[in-house]
Amino acid sequence: MNFTSPRRRFASAAVAGIALTGLLSACGGSGSGDDAASKSGPVTLPFWGWANGQEAVVKAFNASHKDIQLKYTKVTDQLTMQKQLTNAVKAGNAPCLVQNTAEYVTSWVSQGALADISQYVESEKDKFNTGAWASAQVQGKLYGVPTSSAPQFTIYRTDIFKKYGLKPPTTWDDFIAAGKELKKHNIKITNYAGEDPSTLEVLAMQAGAHWYSIDGNAWKVNFQDEGTLKAAKVIQEIIDNDLNAKLSFADYAAVQRSYDTGATATRQISTWQMAGMVQNFTKSFGDWALAPWPTYKGEAPKTPAGTNLTGSVTLVTEQCKNQEQAAQAALWMSTNQDAVKTMASPETGNGVMPALADSKSYVGESISQKLLGKNYEPAQKVVTDSLGTVTTDWTFGPNWTAMFTELQAGWAKVVSKEQTVTDLLAHMQQWTVKDLKSRGISVKG
């Protein structure tokens, strides 16, 4: 868990071609743009993002292109991006290119904020893995270019596990049992940041939950299905037994220090989150190893999608006057070999797996030998194996941004033991249905 913002996600269903006619309150058109601008001189495209390494990629792009130049602005994180983009769209000065993640695509399309760039990028489909390509789509139309995948796994302190006779947990039951043993030694097995409910989301996703789905011509909402309640049980037991730290990512240094000093012993993460560990650790290099994501007892290995085989997408906004050039720039950043390597490395970029069809060949680039030491070689198999067990049937609803904000408020109360996970889920069921109806969106639930 411990998915700091920016998080990462994978979606199919709504973003992979299911007909959504009438399910979105509004949809943006493709926009004609002002492609003639390239004929009168270099086109400058504002580009907002947050990932480490993007500035270097932008510099390389600008050096190799005379007719298109990128003007990069670094945003603090994913959630800040949503707020700033909302303000920019309302003011009519949205940037041309925006880094974002799959869960927000449907929401932005429903607000008419994104441009349909299918005609400019469809021919490049075969260069990308199927799941990542789907993340940039709504109703079969492309609104951006996928940039990264995010295989999931557990990273754990080998020295601590060895000291207390523990094996890396293969199931969530094992995970809880290990947490109870570590608690005896004043060590937390995980960290639940009060502002980040993605823990609940990804465990529900792994358990086969579907918070949003399509039922005829309406959205169906279900925050209390069997999978979600299964996830809730695991999380509640961890919280009730005080097995988790409660460090906020607002103090990022403190979170990293907790792992580096051994106060917290594991994380469920993806390759891109290893970059923060590499850049902030001073004590524990070589003491970490990877293990598969824990499963629910009796179930086959399954890792949450999002956390995913998609990760980020570079979106093109409807207000961009040079949409064709923006699409070209987005494609270059996702396919240029040097750009991809820059972003894949935990040292130079964000440690992200590329969205390319041959992304497995970048596994070695995306994990850190410095962090893993002698465990580096076996770690590559863990990462590769996780690519084949990713959830592919999760759908992000049209009000995901608003829903997630409400979920955050409730999650903070769960972490502080002011309410239970099931209390939060009951609230989210009612709130989400009401919110969709208030937007004029057809909904069941």
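Residues numbered from 1 in each chain as written. Predicted model: local features only at pLDDT ≥ 70, side-chain atom pairs only at ≥ 80, totals over all residues. Heavy atoms only, no water.

1. Some words on the environment of Arg257
Thought 1: With respect to the helices and strands, Arg257 occurs in helix α10 (residues 252-261).
Thought 2: As for Arg257 and Met277, which are separated by 20 residues in sequence, their C-alpha atoms are 9.1 Å apart. (Helix = DSSP H or I, 4+ residues; strand = E, 2+ residues; numbered from the N terminus.)

2. Points about the confidence of the model for the protein chain
Thought 1: Looking at the protein chain, the pLDDT average stands at 87 and 87% of residues meet or exceed 70.
Thought 2: This model gives residues 1-22 a pLDDT under 50, and the stretch forms 119 contacts once residues within four places in sequence are excluded.
Thought 3: Low pLDDT, under 50, characterises residues 25-38; the predicted model gives this stretch 39 contacts beyond four residues in sequence or across chains. (pLDDT = per-residue confidence, 0-100. Contact = heavy atoms within 4.5 Å.)

3. Comments concerning the sheet that holds strand β13 (residues 266-270)
Within a sheet, neighbouring strands are paired by backbone hydrogen bonds and run either parallel or antiparallel to one another.
Thought 1: Strand order in the open sheet formed by three strands is β13-β8-β14, with antiparallel pairing between adjacent strands. At either margin of the open sheet sits one strand with a lone partner, and together these are β13 and β14 (288-291). Geometrically, the sheet is characterised by an average inter-axis angle of 35 degrees between neighbouring strands, direction not taken into account.
Thought 2: Packed onto the sheet, helix α16 (residues 376-386) meets β8 (152-157) and β14 and runs at close to 30 degrees relative to β14. (Pairing = 2+ DSSP bridges. Axes fitted to C-alpha atoms, helices over the stretch in contact; angles between N-to-C directions.)

4. Considerations on the pattern of salt bridges
Thought 1: Under the defined criterion, the tally for this structure stands at nine salt bridges.
Thought 2: With its nearest N and O atoms 2.7 Å apart, the salt bridge here joins Lys127 to Glu124.
Thought 3: Lys127 gets classed as partly exposed once you look at its relative accessible area, which sits at 43%.
Thought 4: Across the pair Arg157 and Asp159 runs a salt bridge, and its minimum N-O distance is 2.8 Å.
Thought 5: Given the relative accessible area of 6%, Arg157 is considered buried. (Salt bridge = Lys/Arg side-chain N within 4 Å of Asp/Glu carboxyl O. Buried < 20%, exposed > 50% of the residue type's maximum accessible area, 1.4 Å probe, protein only.)

5. Focus: the sheet that holds strand β17 (residues 443-444)
Thought 1: Across the sheet, which stays open at both edges, the three strands sit in the order β10-β11-β17 with mixed pairing between neighbours. Edge positions in the open sheet fall to β10 (212-215) and β17, since each of these has one partner strand only.
Thought 2: Pairing between strand β11 (residues 218-221) and β17: two bridges, direction parallel. Considered in β17, the bridge of Trp219 is made with Val443.
Thought 3: Sitting on the sheet, helix α18 (residues 421-438) is in contact with β10, β11 and β17, with an inclination near 165 degrees to β11.

6. Examining the environment of Asp435
Thought 1: Topologically, Asp435 is positioned in helix α18.
Thought 2: Its relative accessible area of 12% is what places Asp435 among the buried residues.
Thought 3: Measuring from C-alpha to C-alpha, the distance between Asp435 and Met403 comes to 8.3 Å, with 32 residues separating the pair along the chain.
Thought 4: If near-sequence neighbours (up to four positions away) are discounted, Asp435 is found in contact with Asn399 and Ala402.

7. Regarding helix α9 (residues 226-240)
Thought 1: Over its 15 residues, α9 extends 21 Å from the first C-alpha to the last, a length consistent with the 21 Å expected when each residue adds 1.5 Å.
Thought 2: Of the surrounding elements, those touching the buried residues of α9 are α7 (172-183), β9 (190-191), α8 (198-206), β12 (244-245), α17 (400-415) and α18.
Thought 3: At the exit of α9 stands Asp242, carrying a positive phi of roughly 55 degrees. (Expected span 1.5 Å × (residues − 1).)

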